[in-house]
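Working through the structure, step by step
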Amino acid sequence: MSSTGVKLKRLKLGDLLQRDVWDVDEARHIEVLDQRGLPIKALLLLCPMGCYTMAGERLLMSYEGCVECATCRVLSNPHQIRWEYPRSGRGIQYRFT
Ligand code: SF4
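First, a word on scope: everything that follows refers to the structure included in this document.

About the criteria used
Residues numbered from 1 in each chain as written. Predicted model: local features only at pLDDT ≥ 70, side-chain atom pairs only at ≥ 80, totals over all residues. Heavy atoms only, no water. Salt bridge = Lys/Arg side-chain N within 4 Å of Asp/Glu carboxyl O. Helix = DSSP H or I, 4+ residues; strand = E, 2+ residues; numbered from the N terminus. Buried < 20%, exposed > 50% of the residue type's maximum accessible area, 1.4 Å probe, protein only. Phe/Tyr/Trp six-rings, centres within 6.5 Å; stacked < 30°, edge-to-face > 60°. Contact = heavy atoms within 4.5 Å. Near = heavy atom within 4 Å. Nonpolar A, V, L, I, M, F, W, Y, C, P; charged D, E, K, R; others polar. Core = buried A, V, L, I, M, F, W, Y, C linked by side-chain atoms within 4.5 Å.

Regarding the pattern of salt bridges
This model, assessed by the stated rule, comprises eight salt bridges. A salt bridge links Arg90 to Asp25; the shortest N-O distance between them is 3.8 Å. Linking Arg90 in the loop between strand 5 (81–83) and strand 6 (91–93) with Asp25 in the loop between strand 1 (21–23) and strand 2 (30–32), this pair joins segments that are 65 residues apart in sequence. Note on Arg90: relative accessible area 25%, which makes it partly exposed. Via salt bridges that share partners, Asp23, Asp25, Glu26, Arg87 and Arg90 belong to a single interconnected network.

Encoded structure:
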């Protein structure tokens, strides 16, 4: 209970993400163009949704569960990863209630 009398409920990230919905666009909004020089370990560890995986030596990217946090955009250059928001109204729809 807070000092204002409002009861606060602590939620975990997984609980919050389960409330969200995705309207997945058939057009991919993130694409690996050239994996040379990419910080692959960082992408694998820091993408909160596990969108990056390895298939042997090849980096794979699954955009369907992306939460548009832009971590991979910050970790790369535009010639390595093409990063755009999904088309208007598509992609993740956050539910904060
Ligand atoms: S924008 Fe965020 S959630 Fe989406 S692929 Fe990049 S790191 Fe993962």
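Some thoughts on the packing of aromatic side chains
Across all of its chains, the model carries one aromatic pair by this definition. An angle of 80° between the planes, with centres 4.9 Å apart, marks the rings of Trp83 and Tyr85 as edge-to-face. On the basis of relative accessible area, Trp83 is assigned to the buried category, the value being 9%.

Brief notes about the environment of Arg90
The spacing of Arg90 and Leu16 is 74 residues in sequence and 19 Å in space, taken between C-alpha atoms. In this structure Arg90 touches Asp23, Val24, Asp25, Glu26 and Glu68, once residues within four positions along its chain are discounted.

A short note on the site of the ligand
Around the ligand, a shell composed of 13 residues is seen, among which Cys47, Cys66, Cys69, Ala70 and Cys72 lie nearest. For the shell around the ligand, the class distribution of residues is 11 nonpolar, one polar and one charged.

Thoughts on the nonpolar core
Within the largest apolar cluster, 15 residues are counted, with the highest numbers of intra-cluster contacts made by Ile30, Leu43, Tyr52, Cys72 and Ile81. Elements represented by at least two residues in this core include exactly helix 2 (40–46), strand 4 (58–61) and strand 5. Look past the residues within four positions of Ile30 in its chain and what remains in contact with it is Tyr52, Met61, Cys66, Cys72, Ile81, Arg82, Trp83 and Glu84.

A few points about unusual backbone geometry
For Glu68, which is not a glycine, the phi torsion comes out positive at approximately 60°. With respect to the helices and strands, the residue Glu68 is situated in the loop between strand 4 and helix 3 (71–74). What makes Glu68 buried here is its relative accessible area of 18%. For Ala70, which is not a glycine, the phi torsion comes out positive at approximately 75°. Classification of Ala70 by relative accessible area gives buried; the value is 18%.

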